[in-house]
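Close look at the chain arrangement
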Amino acid sequence: MNADHSASTDPSAEFVRLLRSQRVWDTELPPFDPGSAPAEPLPLFERWFAEAVAAGQTQPHTVSLATADTDGLPDVRTVMLHGADAEGWSFASHSTSRKGRQLAARPYAALGFYWPAQGRQIRLRGPVTVASAEESQADLHARSTGALAAALVGHQSEVLPSQQELEHASDTAWAQAQHTPDTPAPTWTLYHLRPDEAEFFQGDPQRRHVRLNYRRTEAGWLTELLWP
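Here is a short report on the structure shown in this document. Given the structure is predicted, the values throughout are model-derived calculations rather than measurements.

Some thoughts on the packing of aromatic side chains
- Scanning the entire structure with this criterion turns up twelve aromatic pairs.
- Judged by centre distance (5.1 Å) and plane angle (75°), the ring pair of phenylalanine 32 and tryptophan 48 falls under edge-to-face. Of this pair, phenylalanine 32 sits in the loop between α2 (11–20) and α3 (41–54) while tryptophan 48 sits in helix α3; the two residues are 16 residues apart in sequence, bridging distant segments of the chain. An identical accessibility class is assigned to phenylalanine 32 and tryptophan 48; each is buried.
- Residues phenylalanine 200 and tyrosine 214 carry aromatic rings whose centres are separated by 5.7 Å and whose planes lie at 70° to one another, so their mutual orientation is edge-to-face. Of the two residues, phenylalanine 200 is situated in strand β8 (residues 197–202) and tyrosine 214 in strand β9 (residues 210–217); the sequence distance between them amounts to 14 residues. Of the two residues examined, phenylalanine 200 and tyrosine 214, each falls in the buried class.
- Among the aromatic residues, those joined into a ring-pair cluster are Phe32, Trp48, Phe200, Tyr214 and Trp221.
- Over the ring of tryptophan 48 we find arginine 120; its NZ or CZ atom is 4.1 Å from the centre of that ring.

Some words on a nonpolar patch on the surface
- A surface patch of nonpolar side chains, amounting to about 280 Å² of accessible area, comprises Phe15, Val16 and Leu19.
- For valine 16, the position within the fold is in helix α2.
- Judged by relative accessible area, valine 16 falls into the partly exposed class, the value being 32%.

Details of the environment of histidine 209
- Checked against the element boundaries, histidine 209 lands in the loop between β8 and β9.
- Histidine 209 gets classed as buried once you look at its relative accessible area, which sits at 14%.
- Measuring from C-alpha to C-alpha, the distance between histidine 209 and alanine 151 comes to 40 Å, with 58 residues separating the pair along the chain.

Quick look at a negative patch on the surface
- Among the surface-exposed residues, Glu46, Asp85, Glu87 and Glu135 lie close enough to one another that they form a single negatively charged patch.
- Along the polypeptide, glutamate 46 turns up in helix α3.

Looking at unusual backbone geometry
- One non-glycine residue with positive phi stands out, namely glutamine 59, at about 45°.
- For glutamine 59, the position within the fold is in the loop between α3 and β1 (62–68).

Considerations on the layout of surface pockets
- Approximately 310 Å³ is the volume found for the largest pocket.
- Contributing to the lining of the largest pocket are 18 residues, with Ala92, Arg143, Ala150, Gln156 and Trp188 lying nearest its centre.
- Taken together, the elements giving at least two residues each to the lining of the largest pocket come down to β2 (74–80), β4 (88–94) and α6 (145–153).
- Here the lining of the largest pocket is built from residues that sort into eight nonpolar, eight polar and two charged.

Scoring rules and cut-offs
- Residues numbered from 1 in each chain as written.
- Predicted model: local features only at pLDDT ≥ 70, side-chain atom pairs only at ≥ 80, totals over all residues.
- Heavy atoms only, no water.
- Phe/Tyr/Trp six-rings, centres within 6.5 Å; stacked < 30°, edge-to-face > 60°.
- Helix = DSSP H or I, 4+ residues; strand = E, 2+ residues; numbered from the N terminus.
- Buried < 20%, exposed > 50% of the residue type's maximum accessible area, 1.4 Å probe, protein only.
- Lys NZ or Arg CZ within 6 Å of the ring centre and 35° of its normal.
- Patch = residues over 30% accessible without salt bridge, like charges linked within 9 Å, V, L, I, M, F, W, Y side chains within 5 Å.
- Areas by Shrake-Rupley, 256 points an atom, 1.4 Å probe, with all protein chains shown as cover.
- Salt bridge = Lys/Arg side-chain N within 4 Å of Asp/Glu carboxyl O.
- Lys, Arg positive; Asp, Glu negative; His and termini not counted.
- Charge placed at Lys NZ, Arg CZ, Asp CG, Glu CD.
- 1 Å grid on protein atoms, 1.4 Å probe; cavity = no way out; pocket = protein on both sides within 12 Å on 5 of 7 lines; lining within 4 Å.
- Points joined across faces, edges and corners; volume = space filled by probe spheres on them.
- Nonpolar A, V, L, I, M, F, W, Y, C, P; charged D, E, K, R; others polar.

This is a description of form; function is not addressed.
This is the structure:
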């Protein structure tokens, strides 16, 4: 077989070619003057979130959540942001899920937002606290019928015997959510991450990226620039 032909049809070689052909930020990126940034990270987050929405960023409320298990091994998944205020950046899950168990054992986590429409990232890390049962249920029932149905299915992260079993449980949960929209899901839990650090990254076409980092101190927030 011709060596060149073998290389051209090698799936690994095709993957590498495809990977290296990808580009980022095929759009004009906004400027960011860190000298004009507010003294605390929350107002800047709210501003950047609104600008991401205005720029047409798809699902800007999705965020990567990183936790660690009892052995210190990392885990990451994408969740939805449920709020951001003085309590912290909020997300929710079942307390019995993998992330719920990890947060119970190690109540410290990191969040990572990526908004390629404007070449921006936001990274947060800090301790995580659990909201009250009342607040957690209020959060759940403020969401869609589908969200309630998914919460009522439960068993998150457990081994699923078959897809048919999921379909049956989902049908039952949907009927209950539609008929009784105030049905509680006892394990549904709202979590608040109160950051010790918050980094705002603005990409630059010449790779002169701006990285503004906030660090919480006893005297308040300290800001510093980081090399890209």
